[in-house]
Amino acid sequence: MTDLMTIEGLRSDGRTPGDLRNMTIKTNVIPSADGSVYMEWGNNKLYVTVNGPFEAQPRHLQDPHRATIQVNYSMSPFSCPDRKRPGPDRRAVEISKLLAESLSKVVIRERFPKTLIDVHIDIIEADAGTRCAGLTAASVAMAHAGIPMYDLVGAVSVGKVENIIILDPGKEEDSKGQADMPVGIIPSTGEVVLLQMDGQMNADEFNDALKMAREAISNQINKKQLDALKDSVRVVPFEEEDLPDEGGIY
Ligand code: ADP
């Protein structure tokens, strides 16, 4: 037995390698925002708010053909045991940019030229996987705000500990493990919209990890997202040959 995996193949919190941490998603938690979500995923706790689309100001921010998505990801100083220095840092700027690009792949931005959609992801407790939690919750908050989308994007991290591929690493697995790979996928098309990797995996391990993430997003995470939206949003199956206004999530 080691710290991270027992000889029976269980992880330090009792999960099997393919188990997700528990996830709850609630919408409409901040009525003053156009769309809002509170998410708990394992020990991660976060709020996401969406405002817009509204006219982008100053005008140099305007894209004449589509909406611009602006994401602000931030971890509170009290979100982790070693108090985090307040304010933006390089990591937050990088994550914000990556998540804006991922969301841009699912929002039907051409409907709202010259506008801005403003997304705030506030991490109040962080326990690894916060960028995936942020992206998964932001996608739900976008739909809750009534912003038309081709599909919801879901995300989860996959890791490697003791040479075993694991789903959704917790903090200890993330920091002591051999690899950590956050993945974001659009379930209906299979398109990968977020992929990063810390550490090392060989080609077989990478393929197994990507498959594990893909299955978890399509079979579990997407269902949680849709469940959270079922009372507030109309979901219309989207066919690839459809024009944007004939399918999607409204
Ligand atoms: P993610 O949260 O997406 O997995 P990282 O891999 O960068 O992102 O971080 C893993 C975990 O490390 C975070 O969820 C958080 O618990 C912790 N962490 C990240 N940045 C800091 C920081 N500046 N100070 C303290 N802990 C941090």
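Definitions and cut-offs
- Residues numbered from 1 in each chain as written.
- Predicted model: local features only at pLDDT ≥ 70, side-chain atom pairs only at ≥ 80, totals over all residues.
- Heavy atoms only, no water.
- Near = heavy atom within 4 Å.
- Polar contact = N/O pair within 3.5 Å; in protein donor to acceptor, adjacent residues only side chain to side chain.
- Areas by Shrake-Rupley, 256 points an atom, 1.4 Å probe, with all protein chains shown as cover.
- Helix = DSSP H or I, 4+ residues; strand = E, 2+ residues; numbered from the N terminus.
- Buried < 20%, exposed > 50% of the residue type's maximum accessible area, 1.4 Å probe, protein only.
- Pairing = 2+ DSSP bridges.
- Axes fitted to C-alpha atoms, helices over the stretch in contact; angles between N-to-C directions.
- Contact = heavy atoms within 4.5 Å.

**Re the site of the ligand**
Consideration 1: Around the ligand sit 13 residues in total, of which Arg 91, Ala 128, Gly 129, Thr 130 and Arg 131 are the nearest.
Consideration 2: In this structure, an oxygen atom belonging to the ligand sits 2.8 Å away from a main-chain N or O atom of Ala 128.
Consideration 3: A distance of 2.8 Å separates an oxygen atom of the ligand from a polar atom in the side chain of Arg 131.
Consideration 4: Taking 530 Å² as the accessible area of the ligand by itself, protein coverage stands at 78%.
Consideration 5: Mapped by element, the contributors of at least two residues to the shell around the ligand are helix H2 (130-144) and helix H3 (171-176).

**Describing the side chain of Asn 222**
Consideration 1: Along the chain, Asn 222 falls in helix H4 (residues 203-229).
Consideration 2: In this structure Asn 222 comes out as buried when scored by relative accessible area, which is 12%.

**What to know about the sheet that holds strand S2 (residues 35-41)**
Consideration 1: Pairing is mixed across the open sheet formed by 5 strands, whose spatial order is S1-S2-S3-S5-S4. A strand with exactly one partner marks an edge of an open sheet, and here the two such strands are strand S1 (23-27) and strand S4 (68-75). Strand after strand, the sheet turns through a mean of 15° between neighbouring axes, direction not considered.
Consideration 2: Bridge count for S2 against strand S3 (residues 44-55) is 7 bridges, and the pairing is antiparallel. Each residue of the ladder has a partner; that of Gly 35, found in S3, is Val 50.
Consideration 3: In the packing of helix H1 (residues 90-104) onto the sheet, the strands contacted are S4 and strand S5 (115-125), and the crossing angle to S4 comes to about 140°.
Consideration 4: The strands touched by H4 are S1 and S2; relative to S1, the strand with the most contacts, the crossing angle is about 30°.

**Side note on the pairing of strand S9 (residues 192-195)**
Consideration 1: Sheet topology note: the strand S8 (residues 179-185)/S9 ladder contains 3 bridges and is antiparallel. Directly across from Val 183, in S9, lies its bridge partner Leu 195.
Consideration 2: Hairpin connection, S8 to S9: the antiparallel pair is bridged by 6 residues, and Gly 190 has positive phi, about 80°.

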